[in-house]
Amino acid sequence: MSAAWIPALGLGVCLLLLPGPAGSEGAGEWGSWGASRRSQGLSTSGYKRDSDPAPWASALPPEEEGAKVEPPRGAPALTPAADLLLLTCFSHAPIAITCFTRGLDIRKEKADVLCPGGCPLEEFSVYGNIVYASVSSICGAAVHRGVISNSGGPVRVYSLPGRENYSSVDANGIQSQMLSRWSASFTVTKGKSSTQEATGQAVSTAHPPTGKRLKKTPEKKTGNKDCKADIAFLIDGSFNIGQRRFNLQKNFVGKVALMLGIGTEGPHVGLVQASEHPKIEFYLKNFTSAKDVLFAIKEVGFRGGNSNTGKALKHTAQKFFTVDAGVRKGIPKVVVVFIDGWPSDDIEEAGIVAREFGVNVFIVSVAKPIPEELGMVQDVTFVDKAVCRNNGFFSYHMPNWFGTTKYVKPLVQKLCTHEQMMCSKTCYNSVNIAFLIDGSSSVGDSNFRLMLEFVSNIAKTFEISDIGAKIAAVQFTYDQRTEFSFTDYSTKENVLAVIRNIRYMSGGTATGDAISFTVRNVFGPIRESPNKNFLVIVTDGQSYDDVQGPAAAAHDAGITIFSVGVAWAPLDDLKDMASKPKESHAFFTREFTGLEPIVSDVIRGICRDFLESQQ
């Protein structure tokens, strides 16, 4: 006699039955199970509903007082020998799930599940702490809370209502993520260690159920590799747009997100809502599949208030595109701003801030103000002043929110045209800066250290990398010594370390020869670089040779020079070396301690010159 399993994993129920003799009356018939029992002289009164019944059990009409539970259709009839071998698993048999099964995949108020071992911690998606958004991995949440280790085990899942502000906490090797809002939640506790509990004493040696399991969560998709971009959708949540058009706007954004081809190696997207106060709804790192992004967009609620688009754009440029929020190195940063009507505040300053942060701003305007409304608009040219470049590429107009499907593909094509993302280059990531440092005897060792600190404070402001800003340094007396070239170090940490360790030379002062040496040996090898070239000269005295000719040659080679003089450095020499306009490229201080305030002046000057060169 062998055991037969009747699995019902989706319902949390499994029955282990010993089949009766062949031809038993009513075998396998749902409606005749009780009759079959009684025809054999057996009672049906011993099979009562579990304290935590399965959904199908609670829906059945009671056969008699005590609410008996009948098996599902197709179960074999019981015999007296089967009486003690009826196993009711109801909530006691954990449902085997995968590493990536989410809370929303379990549609029960309470369920026992079994997490596998060896899940990759870095691939868990977990949102919240103690109470988790239902889009979170159940096993990830269990490890995060300490209910199980990464070796897996039983977990009990409790469904909870949705909430706002799921927090980010680092626990047990998993960094959970923030989420502003989700429609459903869950929490986890330790599950029962035994996988089965029998109503009788007999022990079964039957095989585990082989019935249908929960559908495995698909592996993360790589996405459209030809459209790598980090994109923030800045949607209009003001009273201008209203609830109905707000929902139509979300539908359009969802269509755009779907066509982009979101994936781990493709575009990543996040969403910010502009209203009275901006709110980041979800970040770039929160979702890397189109399905999850569409879920998240659907969950965004209408906020209302004034359409402070400028405030929201500035907030997005400064707070959204950070490494902690999921921004990727070398990937274009894009904000798609949706404006229904016109903004309530000034958007020009926000556009400038966005460009300084290397963010490509697109404006999608809907329902432009009619002539009677123009008097209410602060600046009718707000689109031209906010976009990355006023060349037509970064502005997009739709007449209304109806029939917008035809506008999806053209917008996606713009967002995926990387060669047009001109604002990705900034003064912080697209410059080559060489420092020409005076190591003459008049400086002295302690003051030389202050000069190196000045150099470090400028260098650390820039995004130094193999594809970003590059730094070089030359020390000079009568001779010149290349401390390091543009190609020697590609990380900020290494550059700052080598600057600190530069040894003081001591000797005379030949600034003109040093400029020629630097142009030839430092800038010469990178003449094909797309970055803009800058030379910052720091000296404390008069040069023994001509500086005007070598400086003019450097200017002709496309190198912008900032000259910084200390103590006995002649103002005429500083102006002869500096680029035009002289007053914003030449600086002087009596004391070496006065170098510190000049740091910000030089940085601002570099960024100003860079932006002007890009116009």
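Residues numbered from 1 in each chain as written. Predicted model: local features only at pLDDT ≥ 70, side-chain atom pairs only at ≥ 80, totals over all residues. Heavy atoms only, no water.

Engineer: Mind showing me how you'd approach the state of the cysteines here?
Structural biologist: When the sulfur atoms of two cysteines share a covalent bond, that bond is a disulfide. As enumerated under the stated definition, the model contains five disulfides in all. Linked covalently through their sulfurs, Cys427 and Cys607 form a disulfide whose S-S length is 2.0 Å. With the S-S bond torsion at 65°, the cross-link from Cys427 to Cys607 turns out right-handed. Within this pair, whereas Cys427 is found in the loop between helix H9 (405-415) and strand E18 (431-438), its partner Cys607 is found in helix H15 (residues 598-614), the two being separated by 180 residues in sequence. A residue is classified by how much of its surface remains accessible, and Cys427, at 5% relative accessible area, is buried. (Disulfide = S-S within 2.5 Å. Helix = DSSP H or I, 4+ residues; strand = E, 2+ residues; numbered from the N terminus. Buried < 20%, exposed > 50% of the residue type's maximum accessible area, 1.4 Å probe, protein only.)

Engineer: What am I meant to see in the packing of helix H6 (residues 309-320) against helix H7 (residues 348-356) here?
Structural biologist: The geometry of a pair of packed helices is captured by two quantities: the angle between their axes and the separation between those axes. Axis separation between H6 and H7 bottoms out at 8 Å; the angle between their running directions is 10°. As judged from the angle between their axes, H6 and H7 are roughly parallel. Crossing hand, H6 versus H7: left-handed. When H6 is examined against H7, the residues Gly310, Leu313, Lys314, Ala317 and Gln318 are found in contact with a partner set consisting of Glu349, Ala350, Gly351, Val353 and Ala354. (Axes fitted to C-alpha atoms, helices over the stretch in contact; angles between N-to-C directions. Parallel < 35°, antiparallel > 145°, perpendicular 65-115°, else oblique. Left-handed = near helix turned anticlockwise from the far one by under 90°. Contact = heavy atoms within 4.5 Å.)

Engineer: Mind showing me how you'd approach helix H5 (residues 290-299) here?
Structural biologist: It helps to recall that an α-helix has 3.6 residues per turn; residues three or four apart then point in one direction. Within H5, burial applies to Ala290, Asp292, Val293, Ala296, Ile297 and Glu299. Close packing links the buried residues of H5 with strand E11 (179-190), helix H4 (242-260), strand E13 (268-274) and strand E14 (279-282).

Engineer: So what exactly am I meant to see when it comes to the pairing of strand E20 (residues 480-484) here?
Structural biologist: Consecutive residues of a regular strand have side chains that alternate between opposite faces of the sheet. When strand E19 (residues 470-476) meets E20, the two strands line up antiparallel, connected through four bridges. Residue Gln475 lies in a different strand from E20, and its bridge partner there is Arg481. (Pairing = 2+ DSSP bridges.)

Engineer: Looking at this structure, how should I read the layout of surface pockets?
Structural biologist: A water-sized probe rolled over the atoms picks out the places where empty space is left. When its volume is computed, the second largest pocket comes out at roughly 810 Å³. Lining the second largest pocket are 31 residues, and of these Lys329, Gly330, Asn429, Glu463 and Ile467 sit closest to its centre. Its residues placed into classes, the lining of the second largest pocket shows 10 nonpolar, 13 polar and eight charged. Domain assignment of the residues forming the lining of the second largest pocket places at least three in each of domain 2 (230-420) and domain 3 (431-613). (1 Å grid on protein atoms, 1.4 Å probe; cavity = no way out; pocket = protein on both sides within 12 Å on 5 of 7 lines; lining within 4 Å. Points joined across faces, edges and corners; volume = space filled by probe spheres on them. Nonpolar A, V, L, I, M, F, W, Y, C, P; charged D, E, K, R; others polar. Domains from an automatic or database assignment.)

Engineer: Looking at this structure, how should I read the side chain of Thr426?
Structural biologist: With respect to the secondary-structure elements, Thr426 resides in the loop between H9 and E18. Judged by relative accessible area, Thr426 falls into the buried class, the value being 3%. The contacts of Thr426, once residues within four sequence positions are left out, are Arg355, Glu356, Phe357, Gly358 and Phe610.

Engineer: What is the right way to read the sheet that holds strand E23 (residues 586-589) from this model?
Structural biologist: Remark on secondary structure: sheet strands pair via backbone hydrogen bonds, oriented parallel or antiparallel. Spatial ordering of the open sheet is given by E20-E19-E18-E21-E22-E23, a layout of six strands whose pairing is mixed. At either margin of the open sheet sits one strand with a lone partner, and together these are E20 and E23. If you compare each strand with its neighbour and ignore which way they point, the axes differ by 20° on average. Sheet topology places strand E22 (residues 559-566) next to E23; four bridges connect them, and they run parallel. Across the sheet, Ser563 pairs through a bridge with Ala586, a residue of E23. Of the strands in this sheet, E18, E19, strand E21 (532-539) and E22 are in contact with helix H10 (residues 445-459), which crosses E18 at around 175°.

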